[in-house]
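Structural overview for review
This is what each chain is made of:
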Amino acid sequence: MVTNGTESTRGDQVWRAGDRPHRHPRLDVDAAQRLLEVAIEEARAGLAEGGIPIGAALFHRDGTLLGRGRNRRVQDGDPSVHAETAAFRDAGRRRDYADCVMVTTLSPCWYCSGLVRQFGIGGVVVGEDRTFSGGHEWLAEHGVEVVVLDDPSCTELLGGFVAAHPALWHEDIGVEDRTED
Ligand SMILES: [Zn+2]
């Protein structure tokens, strides 16, 4: 990555919960953990529907909930409905997203990372990046404030699903899988 004096002040590092007691320069990490609960509720609702348990919510930086949603590949038969896109669409139209934070149970895929860049969403809170690591480091390199909470309930929720439904999971992340689901 090419940096200059201006960019270096924006924070190009992924902040991880394990980095405590260092504080993220702008995002309130304790608040982020509370916001994550909404995304987890969405993921659990998706699981109850027979869907892939990934949830997301779009918040204003002041904590106002703007939209929420979950992966609905199975429910809607629509591979374009990811948790982040569902939450984004649920929020309706906004003029500016710089003061918004996308909170998601899982590291955002390239499609959803592209959405964050396209609309200039200022922050991303990631529940976990163990099951899948998408574009969150790339987002941080481009000035998005990124916090990875490494939340065990997110990892258990999706990890259990992946173990039970490997073919469906591999369909979702776009890799070949010859196992039957
Ligand atoms: Zn996605």
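Everything here concerns the structure above.
Residues numbered from 1 in each chain as written. Predicted model: local features only at pLDDT ≥ 70, side-chain atom pairs only at ≥ 80, totals over all residues.

Quick notes on the overall build of the chain
What counts is decided by this rule: Numbering of helices and strands starts at the N terminus; helices are DSSP runs of H or I of at least 4 residues and strands are runs of E of at least 2. In this scheme the burial state of a residue depends on its C-beta neighbours within 10 Å: 20 or more other such atoms mean buried, 12 or fewer mean exposed, and anything in between means partly exposed; the C-beta positions come from the backbone. Once C-beta atoms are placed from the backbone, any two residues with those atoms within 7 Å are in contact.
In terms of helices and strands, the chain carries 8 helices and 6 strands. Each helix and strand of the chain, placed in order from N terminus to C terminus, yields the pattern α-β-α-β-β-α-α-β-α-β-α-β-α-α. Taken over 181 residues, the chain has a buried fraction of 39%. In the chain, once contacts between residues fewer than 6 apart in sequence are set aside, the share between residues at least 24 apart is 53%.

Structural notes on the sheet that holds strand 1 (residues 15-16)
The line we're drawing: When DSSP finds at least two bridges between two strands, those strands are taken to pair. Each axis is a line fitted through C-alpha atoms, taken for helices only over the stretch in contact, and angles between the N-to-C directions span 0 to 180 degrees.
Ordered by their spatial adjacency, 6 strands build an open sheet running 1-6-5-4-2-3, and the pairing between neighbours is mixed. The open sheet terminates on both sides in strands that have one partner only, identified here as strand 1 and strand 3 (65-70). When strand 1 meets strand 6 (residues 145-148), the two strands line up parallel, connected through 2 bridges. Among the inter-strand pairings, Arg-16 is bridged to a residue of strand 6, identified as Val-148. Packed onto the sheet, helix 4 (residues 83-90) meets strand 2 (55-60), strand 3 and strand 4 (100-106) and runs at close to 140 degrees relative to strand 3.

Considerations on the nonpolar core
What counts is decided by this rule: Structurally, a nonpolar core is described as a collection of buried Ala, Val, Leu, Ile, Met, Phe, Trp, Tyr and Cys residues joined by way of C-beta atoms within 7 Å.
Among the nonpolar cores identified, the biggest contains 43 residues, and Met-102, Val-103, Val-124, Val-125, Val-146 and Val-147 are the most heavily contacted of them. Per-element accounting of this core gives the leading share, 5 residues, to strand 4. What Val-146 contacts, discounting residues up to four positions off in sequence, is Val-14, Trp-15, Val-124, Val-126, His-136, Leu-139 and Ala-140.

Remarks on the environment of His-165
As for its placement among the helices and strands, His-165 is situated in the loop between helix 7 (152-164) and helix 8 (166-173). Separated by 113 residues in the primary sequence, His-165 and Ile-52 place their C-alpha atoms 9.2 Å from one another.

So, the pairing of strand 5 (residues 123-128)
In regular strands, side chains alternate between the two faces of the sheet. Selection criterion: With its strands directed away from the observer, a crossover is right-handed exactly when the path from the first strand over the helix to the second travels clockwise.
Across the 6 residues of strand 5, 6 count as buried, placing the element largely inside the fold. Here strand 4 runs beside strand 5; their pairing, made up of 5 bridges, is parallel. Looking at the pairing, Thr-104 lines up with Val-126 of strand 5. In this fold, strand 4 hands off to helix 5 (residues 110-119), which returns the chain to strand 5; that crossover is right-handed. Where strand 5 lies against strand 6, 4 bridges are found, and the strand directions are parallel. Note that in strand 6 the partner of Val-126 across the bridge is Val-148. Handedness of the β-α-β unit built from strand 5, helix 6 (residues 136-141) and strand 6 comes out right-handed.

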